[in-house]
Amino acid sequence: MSLSNQKTIVIGGGSGLIGLRLSKMLQESGYRVLHLSRRANPNAIFPAFAWDLDKGTIDEEAVAQADYIINLAGAGIADKPWTSQRKRVIIESRVKSTRLLLQTFEKLGKKPKAYLSSTAIGIYGNTGENLAQEFDPPGTGFLAESCITWEKAIDEVAITGVRTVGLRIGIVLSTKGGALEKFLIPLNFFTAAYFGKGKQWYSWIHLDDACRMFLFAIENEQMQGYYNAVAPHPERNKNFTQQIVKALGKPALIMSIPDFVMRLVIGEMADTVLNSSRISSAKIEAAGFTFQFPKLQEALKNLLKK
């Protein structure tokens, strides 16, 4: 991509796990990448423009330059206990960021070529043995409720006629943050845990595949609407844990943490590990996306050898 026709991508939440890796991949693909951040930093590798979701302020210059907008902003789901205040923060951080970006590009009269947003497979709630697809109705519980509200805000962008893509992301595998890092901690003490009976399904995705999916959605103009960002082979929780132990090649005592203990310790937030999420990747594959890491063992080997 020559500098004269280099496209600019503005990312909200660019300093997070997905945001940083995606920024590097976009830059390597010839895009100019700008971040929206609490503090402006024009000299950063990815120049940062200030926005404040609570005050509803944003440096409009960033949005004015955007050919594409990617919104990954949102308070961490499992970072703090789910008090009623924390639940409000989780939902509002996602809705406010979406609406602020929408209001800004409408005010400027300059719509991006596409608006891409993360959302989550939590929208399906507890799927049990059912293989959930994009046309399935939402589930119940806080994870589903937060995603429903989030996607209503994303839909407001789509109504304006901007090509809008929402990626419903599963468990992102990386050694630089996220769920896998937490699974690895007990292995330092030669133990590993699964939750309850360990039969619940986990739909996961390698960090690089999640980032490649955003790049794919930018470059494929026929893509619109919601897509599950999960690898084609979900794993049951117990097997998920066993595969991590196998990939590490360390001896470990694998044990169960009962449901009631999880509920006792972290309350409703236990849904994040006890819910079954068996999610289909058929729609994104039908759109032409090819996974680099379709199976868990190869994804883990790639990550853990680093």
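The structure this text deals with has already been given above.
Procedures and definitions
- Residues numbered from 1 in each chain as written.
- Predicted model: local features only at pLDDT ≥ 70, side-chain atom pairs only at ≥ 80, totals over all residues.
- Heavy atoms only, no water.
- Buried < 20%, exposed > 50% of the residue type's maximum accessible area, 1.4 Å probe, protein only.
- Helix = DSSP H or I, 4+ residues; strand = E, 2+ residues; numbered from the N terminus.
- Pairing = 2+ DSSP bridges.
- Right-handed = clockwise from strand over helix to strand, strands pointing away.
- Core = buried A, V, L, I, M, F, W, Y, C linked by side-chain atoms within 4.5 Å.
- Contact = heavy atoms within 4.5 Å.
- Axes fitted to C-alpha atoms, helices over the stretch in contact; angles between N-to-C directions.
- Parallel < 35°, antiparallel > 145°, perpendicular 65-115°, else oblique.
- Left-handed = near helix turned anticlockwise from the far one by under 90°.
- Nonpolar A, V, L, I, M, F, W, Y, C, P; charged D, E, K, R; others polar.

### Examining the pairing of strand S6 (residues 114-120)
In terms of residue burial, S6 counts as a mostly covered element, since six of its seven residues are buried. Both strand S5 (residues 68-71) and S6 contribute to a ladder of four bridges, which runs parallel. From the neighbouring strand, Ile-69 faces S6, where its bridge partner is Tyr-115. After leaving S5, the chain enters helix H3 (residues 84-108) and then returns to the sheet as S6, a path that is right-handed. Two elements, S6 and strand S7 (residues 163-169), share seven bridges in a ladder whose sense is parallel. Counterpart to Tyr-115 in the pairing with S7 is Thr-164.

### A look at the nonpolar core
If you look at the biggest cluster of nonpolar residues, it comprises 34 residues, and the most contacted ones within it are Leu-26, Ile-70 and Phe-214. Looking at which element gives the most residues to this core, the answer is helix H6 (residues 207-219), with nine residues. In this structure Phe-214 touches Ile-18, Leu-22, Ile-70, Leu-72, Leu-116, Ser-117, Ser-118, Leu-167 and Ile-169, once residues within four positions along its chain are discounted. Grouped together as the second largest cluster of nonpolar side chains are 22 residues, Leu-173, Leu-180, Phe-183 and Phe-293 included.

### Thoughts on the packing of helix H7 (residues 237-248) against helix H11 (residues 296-304)
Relative orientation of the contacting elements H7 and H11 amounts to 45°, with a least axis distance of 9 Å. As far as their axial angle goes, H11 and H7 are oblique. Here H7 and H11 pass one another in a crossing that is right-handed. Where H7 abuts H11, its residues Phe-240, Gln-243, Ile-244, Lys-246, Ala-247 and Leu-248 lie against Leu-296, Gln-297, Leu-300 and Leu-304. The residue makeup of the contact of H7 with H11, split by class, is seven nonpolar, two polar and one charged.

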